[in-house]
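Inside the fold
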Amino acid sequence: LGAGGQAVVTASGAVLATSITHQQLVRVDAPGARPTMSGLAVAKDAQLAAAGDRAVLLDASTRTLRRDDGSTIALPDSVRDGAKLQQSGADGDEAAVATDTGVVVVGLGNGSTRVIPAHLATPAAGADLIAAPVVVDGCVHAAWSAAQRYLLACDGQKTRIVDIEQKTQGSHLVFRVNRSVVALN
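Attention in this report is confined to the structure presented alongside it. (Residues numbered from 1 in each chain as written. Predicted model: local features only at pLDDT ≥ 70, side-chain atom pairs only at ≥ 80, totals over all residues. Heavy atoms only, no water.)

Turning our eyes to something else, we now look at the sheet that holds strand S4 (residues 36-39). Across the sheet, 4 strands lie side by side as S1-S2-S3-S4; this open sheet has antiparallel pairing. Two strands lie at the open edges of the sheet, namely strand S1 (6-9) and S4, each paired on one side alone. Sheet twist, expressed as the mean angle between neighbouring strand axes with direction ignored, is 20 degrees. As paired strands, strand S3 (residues 24-28) and S4 are joined by 4 bridges and run antiparallel to one another. Bridging from a neighbouring strand, Arg 27 pairs with Thr 36 of S4. (Pairing = 2+ DSSP bridges. Helix = DSSP H or I, 4+ residues; strand = E, 2+ residues; numbered from the N terminus. Axes fitted to C-alpha atoms, helices over the stretch in contact; angles between N-to-C directions.)

In structure tokens form, the structure reads like this:
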């Protein structure tokens, strides 16, 4: 993979890896299987995640989400440096990007984008204050430590925004997922 290479594992156990050096996506479907390689433009600071069995890459500096077939989706201006791509997850219809003010949900099939504001008093002042969101069972979970804010957006339901009671300012928040259970640490 070379310097800056990244790898993630899909819910089905396939390994997806990117190489900046070779500008490619490497896929290994099972232990001992031959890797398949395909050309893919990989930006130096791109973030990699698996959405279902697909690789998605966020390039926040150019506000684009690249799918594993090489196609790109333009993201709204709210996606800036410091935005966080979702953690890898089993849901493959959408990908989520947390920004300093909310979440952008991206339809991977049709390329649609939906901005969900978190109604923060002030934008998060750095990537360390934004948790990488998770998408589980059609719901997007996102959090911002400095604002002590949690957001839950589920398909067909009103978005829930909750103030976190415990002091989280200065903390590095991380979602943990076990099947359909989501915890924020």
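After presenting the structure, the write-up continues.
The strand order across the open sheet built from 4 strands is S5-S6-S7-S8, with neighbouring strands paired in antiparallel fashion. Looking at which strands have only one partner, the edges of the open sheet turn out to be strand S5 (47-51) and strand S8 (72-74). Ignoring strand direction, the axes of neighbouring strands in this sheet form an average angle of 25 degrees. One ladder, built from 3 bridges, connects strand S7 (residues 64-67) with S8; its direction is antiparallel. Opposite Thr 64, over in S8, you have Ala 74 as the bridge partner.

The phi angle at Gln 23 is positive, at roughly 50 degrees, despite the residue not being glycine. Despite not being glycine, Arg 179 shows a phi value in the positive range, around 55 degrees. Tracing the sequence through the fold places Arg 179 in the loop between strand S17 (175-178) and strand S18 (181-184).

With the rule as written, the count across this model stands at 1 disulfide. Disulfide pairing is shown between Cys 139 and Cys 154; the S-S distance is 2.0 Å. Across the S-S bond linking Cys 139 and Cys 154, the dihedral sits near 110 degrees, which makes this disulfide right-handed. With Cys 139 in strand S14 (residues 139-144) and Cys 154 in strand S15 (residues 149-154), the pair connects residues that are 15 residues apart, well separated along the chain. (Disulfide = S-S within 2.5 Å.)

Next up on the list: the pairing of S3. Here 5 bridges tie strand S2 (residues 15-19) to S3, and the two strands are oriented antiparallel to one another. Along S3, the bridge assignment pairs Ser 19 with Gln 24.

Moving on to the nonpolar core. Of all hydrophobic cores here, the largest spans 16 residues; its most connected members are Val 56, Leu 58, Leu 65, Val 79, Leu 85 and Val 97. Among the secondary structure elements, those contributing two or more residues to this core are S5, strand S6 (54-59), strand S10 (94-98) and strand S11 (102-107). Apart from residues lying up to four places away in sequence, Val 97 is in contact with Leu 58, Val 79, Ala 83, Lys 84, Leu 85, Gly 102, Val 103, Val 104 and Pro 133. Formed by 15 residues, the second largest nonpolar core is a distinct cluster that contains Ala 98, Val 105, Val 140 and Leu 151. (Core = buried A, V, L, I, M, F, W, Y, C linked by side-chain atoms within 4.5 Å. Buried < 20%, exposed > 50% of the residue type's maximum accessible area, 1.4 Å probe, protein only. Contact = heavy atoms within 4.5 Å.)

Just distances and angles here, no functional claims.
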